[in-house]
Amino acid sequence: MISAPKPTRRFLPEVQSLRALAVLLVLAYHLEPRLVPGGFIGVDVFFVISGFLITGHLLREVRNNGRIDLPAFWAARVRRILPAAFAVILAVLAASLLLLPATVWKAVGIAALASVFSVENWVLAANSVDYLAADEEPTALQHFWSLGVEEQFYLFWPLLVVVAVWLESKLQRSGQLAGRGTVGRRQAQGGLPRTALLLVFSTTVVTSLVYSMVLVGAGNPAAYFVTGARVWELAAGGLLALAMRPPEPGASAPAARILKAPGVRTALAWAGFAAIAIAAFGYGAATSFPGLSAALPVAGTLAVILAGETRGVLAPRKILELRAVQWVGNISYSLYLWHWPVITFFLFLAGREPGPAQSLGLLALSLLLAQASHRWVETPVRTLAPLAASKWRALGAGAVAVAVVAVLSLTPGSMAQRDTVAAERAVATLLADPPPGFGAASIPSGAPAYLAGIKQIVPIPAEAEQDQPDLGECVQKPQSPVTRECSRGAKDGSLTIALVGDSHAAHWYQALEATAQKHGWTLLTYLKNSCPFSATQRVAEANGSISCHEANQDTMKRLVERGDVDAVVTSYWAGSTFEPDAAEGFAGYWGELEDAGIKVYPIIDTPRPGTRTYARDCVAGHPAELRSCGTPEFEAFESNDYTRAAAKNEPRVGTMDFSDQFCAEGFCPAVIGNVLLYRDKHHVSDTYMRTLAPIFDARLSELLREDGLVG
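If you're wondering where the values come from, they're calculated on a predicted model, not measured in any experiment.

Following both chains from N to C, one finds helix α2 (residues 42-65) and helix α10 (residues 231-244) inclined at 45°, their axes separated by 7 Å at the closest point. On the basis of their axis angle, the class for α2 and α10 is oblique. Seen from above, α2 lies across α10 with right-handed handedness. Seen from α2, the contacting residues are Asp44, Phe47, Val48, Ser50, Gly51, Phe52, Thr55, Gly56 and Leu59; seen from α10, they are Glu233, Leu234, Gly237, Gly238, Leu240, Ala241, Leu242 and Met244. When its residues are assigned to classes, the contact of α2 with α10 shows nine nonpolar, six polar and two charged.

Now the structure itself:
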């Protein structure tokens, strides 16, 4: 007699426990990253699980029906994904309008719109390679990037399965498969087109993994978000689902043959959890990710799923099936959706990172919201009879929901624009007739925030990010292999002066340009974001994310070979980190210029705002308490400013220090004389630099006179 095959398990507690582990790793990473520095790999665990479960569903349908009902598949995804996701998006939109300043409303609206259409990962990918956007504060919906990757996978993956079914049928008809004619009979009996599926799935895994490795190897930060670099992780789960699926009813799955030996399942499960733990606690910010590094958590997840139901004294089954573990796994989707908005709103309102007690409170609140969402939103809508009974009704309801939430996502931006238009009129009036002491001119009187009862701030905080030099391609991107030379000011000026360095050199452009225009000088610029003018390599260049050394060498060569450059003004962001001997790198370049007869005037870097968020957001949110947006002078400056140390090594340079124009009486405010000092986290606004131009002119001119360059 032949024993009946063991019935297929429909509920997999080990998968539910992996969900719990994945979401808790992500929460721990976001709340206490020092404890779990690689907790971000929880997302990779989710990817593998999703690929495994979705592919298993598709394979069952192919085996049972010989085809896939695509509308029904997508309708099921609509019922499963959209209700909780849209509830979170709407809650974030409402909370943002109630609790956050207008400066962030537009960004929240854009993130909401991108999340509605499942493209937040592409928005973040674009921002990650955009220097001006890469430093932006994350919105409360940034975590929707991973949901976007999964939903894009759900769109094209079933189509690949359909292609595989068609391909195997085509191969069978052309007689290219061994045992000609057997495929059709197997499918009629509930078989699977395994050869074609294996070919399609394997090709997807290999192609995507190689693409991910190429992007990571090139230091492209977009690799973390783009679907092409991530889809191999979901496809790997699909490959496992194929390996665990019997080729036909009553047969054994290929993967099951290696699991018959005693203790193999238990050892495999523990090895999988160990791999995940090694990645979670061993990875960190310095890990090149995803690329090949993602293979460790992916392999660990695959191992746990493959191990399946474990038995014995040492088996992890008892832990995995604990009620608390299964409960967290059950609400993991809602928990993932809610935890990040809870954290981001706390960060903004508190203005600081949470301590241990606050982290526990935020975790409890996230769990409470997740349980409520799962019970009253996620489950009821998924099982709602009218939607479950008709795939077309579910798809129609999903389309209507997408349209409604998309329209609502436009609300924050339109409201912010309305407020901005009203403020622009007040700004125009103020700039037409600035009061005495406007901007830096109020420093001698103690740097008051407001003048003569005027409460309007310039630039408007909501538009502060645009208050920067209009230099276009004259400021090169960090990845560019060259630094462009641009000429401004007088064509044949009495003096030729060059502004050289990174974005912190560029934010002095308005002050230097006004000075050059006043005196009839020729102004050259050699500016490249993220690239200080130094012979010492930045750590960011060592890991491949920027390119500076060759560009700096080329800039040096052109400065010297021109023969008409009289002086160089340079500065850099002191928050940059360097390889050893950073001060010597600056001093070496300055000495080379001095040897060529070019005077060098390095500027001590400007202070940074004291708030965790953008100063413009703090100012917009606390217009009557602007002191809370500043910082004590002893905390305001980066500790890595090597300018003074380099000047000691090369005493021929004339260092300029404008700290007294940003701080007064031991305090560095965010607003001085109705002018907002910062357009983002550490770049000075053009408006403030314009008000600083007279002081800049006086100090630079004094140094030039001392060096005999001007009369």
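Let us keep going from here.
As a further point, take a nonpolar patch on the surface. A cluster of nonpolar residues, Trp270, Val313, Leu314, Ile319 and Leu322, forms a patch on the protein surface that exposes about 580 Å² of accessible area. Mapped onto the elements of the fold, Ile319 is located in helix α13 (residues 317-320). For Ile319, a relative accessible area of 49% gives the class partly exposed.

For the rest of this paragraph, the subject is the state of the cysteines. Taken as a whole and assessed by the stated rule, the structure comprises four disulfides. Two residues, Cys531 and Cys548, share a disulfide whose sulfurs are 2.0 Å apart. Handedness of the Cys531-Cys548 disulfide follows from its S-S torsion of about -75°: it is left-handed. Note that Cys531 is positioned in the loop between β4 (522-528) and α22 (539-542) and Cys548 in the loop between α22 and α23 (549-562), a separation of 17 residues in sequence. With respect to burial, Cys531 and Cys548 carry one shared label: buried. Here Cys663 is linked by a disulfide to Cys668, with a sulfur-sulfur distance of 1.8 Å. Because the torsion about its S-S bond is 90°, the bridge between Cys663 and Cys668 counts as right-handed. Residues Cys663 and Cys668 agree in their burial class; the two are buried. Taken in N- to C-terminal order, the disulfide-linked cysteines of the chain are connected 1-2, 3-4, 5-6, 7-8.

The next subject is the nonpolar core. Counting residues in each nonpolar core, the largest one holds 107 residues, and the members touching the most others are Ile41 and Ile89. When residues in this core are grouped by element, the largest group, 12 residues, is from helix α3 (residues 70-99). Leave out the neighbours within four places in its chain, and Ile41 touches Leu25, Ile276, Ala279, Ala280, Tyr283, Phe289 and Pro297. Phe438, Leu495, Trp521 and Phe662 belong to the second largest nonpolar core, which has 60 residues in total.

Right, let's get into unusual backbone geometry. Put simply, Phe289 and Pro290 share a cis peptide bond, and its omega is 5°. Structurally, the position occupied by Pro290 is in the loop between α11 (264-282) and α12 (295-307). Residue Pro459 is bonded to the preceding Val458 through a cis peptide linkage, with omega at -5°. At Ser118, a position not held by glycine, the phi torsion is positive, near 60°. Summarising the element assignment, Ser118 is placed in the loop between α4 (105-116) and α5 (120-128). You can call Ser118 buried: its relative accessible area is 11%. A positive phi angle, close to 70°, is found at Ser530, a residue other than glycine.

Glancing now at the pattern of salt bridges. Overall, the coordinates contain 21 salt bridges when judged by the stated rule. A salt bridge links Lys599 to Asp707, with the nearest nitrogen and oxygen atoms 4.0 Å apart. With Lys599 in strand β6 (residues 599-602) and Asp707 in the segment after α28 (686-706), the pair connects residues that are 108 residues apart, well separated along the chain. Each member of the salt-bridge network shares a partner with another, and the members are Glu309, Arg311, Arg317 and Glu321.

Between its first and last C-alpha atoms helix α15 (residues 332-350) spans 26 Å; for 19 residues at 1.5 Å apiece the expected length is 27 Å, and the two agree. Taken across its 19 residues, α15 has 17 buried, putting it largely inside the fold. At the exit of α15 stands Gly351, carrying a positive phi of roughly 70°.

The next thing to look at is helix α7 (residues 144-173). Over its 30 residues, α7 extends 44 Å from the first C-alpha to the last, a length consistent with the 44 Å expected when each residue adds 1.5 Å. If you look at α7, its biggest bend is around 30°, right at Tyr154, and the proline Pro158 turns up within four residues after that.

Looking at the chain as a whole, the pLDDT averages 90, with 93% of positions reaching at least 70. Within the model, pLDDT remains below 50 along residues 1-5, and this stretch shows one contact once partners closer than five positions in the same chain are excluded. The low-confidence segment residues 177-189, where pLDDT is below 50, has 19 contacts with residues more than four positions distant or belonging to other chains.

As enumerated under the stated definition, the model contains 26 aromatic pairs in all. Relative to Phe40, the ring of Tyr29 has its centre 5.5 Å away and its plane inclined at 80°; by these criteria the two rings are edge-to-face. Taken as a pair, Tyr29 in helix α1 (residues 13-31) and Phe40 in the loop between α1 and α2 lie far apart in primary sequence, 11 residues in all. The exposure class of Phe40 is buried, given its relative accessible area of 9%. Taking NZ or CZ as reference, Arg77 lies 5.9 Å from the ring centre of Tyr154, over its face. The positively charged end of Arg230 is found above the aromatic ring belonging to Tyr224, 4.4 Å away from the centroid.

Conventions we followed
Residues numbered from 1 in each chain as written. Predicted model: local features only at pLDDT ≥ 70, side-chain atom pairs only at ≥ 80, totals over all residues. Heavy atoms only, no water. Axes fitted to C-alpha atoms, helices over the stretch in contact; angles between N-to-C directions. Helix = DSSP H or I, 4+ residues; strand = E, 2+ residues; numbered from the N terminus. Parallel < 35°, antiparallel > 145°, perpendicular 65-115°, else oblique. Left-handed = near helix turned anticlockwise from the far one by under 90°. Contact = heavy atoms within 4.5 Å. Nonpolar A, V, L, I, M, F, W, Y, C, P; charged D, E, K, R; others polar. Patch = residues over 30% accessible without salt bridge, like charges linked within 9 Å, V, L, I, M, F, W, Y side chains within 5 Å. Areas by Shrake-Rupley, 256 points an atom, 1.4 Å probe, with all protein chains shown as cover. Salt bridge = Lys/Arg side-chain N within 4 Å of Asp/Glu carboxyl O. Buried < 20%, exposed > 50% of the residue type's maximum accessible area, 1.4 Å probe, protein only. Disulfide = S-S within 2.5 Å. Core = buried A, V, L, I, M, F, W, Y, C linked by side-chain atoms within 4.5 Å. Expected span 1.5 Å × (residues − 1). Bend = angle between axes of the 7 residues up to and from the residue. pLDDT = per-residue confidence, 0-100. Phe/Tyr/Trp six-rings, centres within 6.5 Å; stacked < 30°, edge-to-face > 60°. Lys NZ or Arg CZ within 6 Å of the ring centre and 35° of its normal.

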